[in-house]
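Structural characterization, general
So you can see what is in the structure, the chains are spelled out below.
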Amino acid sequence: MSRRKPPSKEESLLLPSYAALPDAAIFIPATAEQFDAARAQLLAQTALGFDTESKPLFHVAQVDTGPHVVQLATPTAAWILQLHHPQAMALAREIVAHPGICKVGFGLDNDKSTLPKRLGAELANILDLDRVFKRYGFGASTGVRAAVALVLGQNFHKSKKQSTSNWSVKTLNDAQIRYAANDAHGPAMVYAALPAWEAAQPAAAPQPQRAPRVPRQTSTEPTHRPHRAALLRAPEGKKNTG
C-alpha cells in the first residue's frame, strides 16, 4: 500500500469546526465528593480518551517534574486531574493502571515513559491511535488534528500558546481547561467513530513474503583436487632407450 496523506492544516481549515465539549461537561474535581463522583463515572467506562500536560522545559538545566495534568474523556464529558492534588494522583493511578478500561490517545510514547514514574504505577490497556492509522497507510504520527479531519470531517484547532503554557499552576485558566479537555475528548470521539471509518477503508495490502532460502547442496563424497604443483608440471617425454 502506498503512503497516504491526511488532510493538511490548510485543508482542515475548510472543514466545519470541531464539536467541542461545552464548559458544563468539563469537570475538575477538587473536593472529596467531586472525586467520588468522578471515580464512579470513570470506572463505569470501557474506553476513555486520554492525554497529559506538563510544564514546558526551556533549557537543559530545568528538572522535569511532569506530567502535571491527566485528562480523561468520554464522548460526552471530560475530567481534568491536576496531579498536585493527592486524590487526583490516586484516581489517575487507578484509571491508567486499570486493565478493563482502554485508554486511547495520540503520540503516547512519551506518556508511556514519564507517567509510570510520576504515578508509581504501570500503564495498562493503552491504545496509541497513531498505530491504527499507520496500518491504513498513513505516517507514524497522524495526530489528533488530522485524525479528526479524516474520521469526523471536522477542523480540530490546537493552540501552540496553550500547549506551552504553565501546566503546574494550582488554578488553570479557562483556555487551558478547554485545551486540556479537547485533547482527551478528540481521541474519544475518533475512537467512537473508528469502526465505521475502518469499514470504509481499502483493505491493507499484505506484507510481501520472501521466498525461503534453499540451502546449497553439498556432496557427501570428498572432492580430490590435484595439487597446484601437479597442474603446472610439464608432461613427461619418452625415455631414450638408445
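Right, let's walk through the structure included here. (Residues numbered from 1 in each chain as written. Predicted model: local features only at pLDDT ≥ 70, side-chain atom pairs only at ≥ 80, totals over all residues. Heavy atoms only, no water.)

On to the environment of Ala184, then. Following the sequence through the fold, Ala184 ends up in helix H8 (residues 174-199). In sequence terms Ala184 and Leu48 are 136 residues apart; their C-alpha atoms lie 8.0 Å from each other. Once residues lying within four places of it in the same chain are set aside, the contact partners of Ala184 are Gly49, Phe50, Gln71, Leu72 and Ala73. (Helix = DSSP H or I, 4+ residues; strand = E, 2+ residues; numbered from the N terminus. Contact = heavy atoms within 4.5 Å.)

Here we come to the sheet that holds strand S4 (residues 78-82). What the six strands build is an open sheet, ordered S1-S4-S3-S2-S5-S6; its pairing is mixed. Each edge of the open sheet is held by one strand with a lone partner, namely strand S1 (26-27) and strand S6 (126-128). Taken together, the three bridges between strand S2 (residues 47-53) and strand S5 (residues 102-105) define a ladder with parallel strand orientation. Counterpart to Ala47 in the pairing with S5 is Cys102. Each of S2, strand S3 (69-73) and S4 is contacted by helix H2 (residues 32-43), which is oriented at about 125 degrees to S4, the strand it contacts most. Docked against the sheet, helix H4 (residues 109-119) engages S2, S3 and S6, running at close to 75 degrees with respect to S2. (Pairing = 2+ DSSP bridges. Axes fitted to C-alpha atoms, helices over the stretch in contact; angles between N-to-C directions.)

The full count for this structure, using the stated rule, is eight aromatic pairs. Aromatic pair Phe133 and Phe138: ring centres 6.3 Å apart, planes at 75 degrees, arrangement edge-to-face. The class for Phe133 is buried, based on a relative accessible area of 0%. For Phe138, a relative accessible area of 3% translates into the label buried. An angle of 55 degrees between the planes, with centres 5.1 Å apart, marks the rings of Phe133 and Trp197 as tilted. You can see Phe133 sitting in helix H5 (residues 129-135) and its partner Trp197 sitting in helix H8, a full 64 residues away along the chain. Grouping aromatic residues by their ring pairs yields a cluster made of Phe106, Phe133, Tyr136, Phe138 and Trp197. (Phe/Tyr/Trp six-rings, centres within 6.5 Å; stacked < 30°, edge-to-face > 60°. Buried < 20%, exposed > 50% of the residue type's maximum accessible area, 1.4 Å probe, protein only.)

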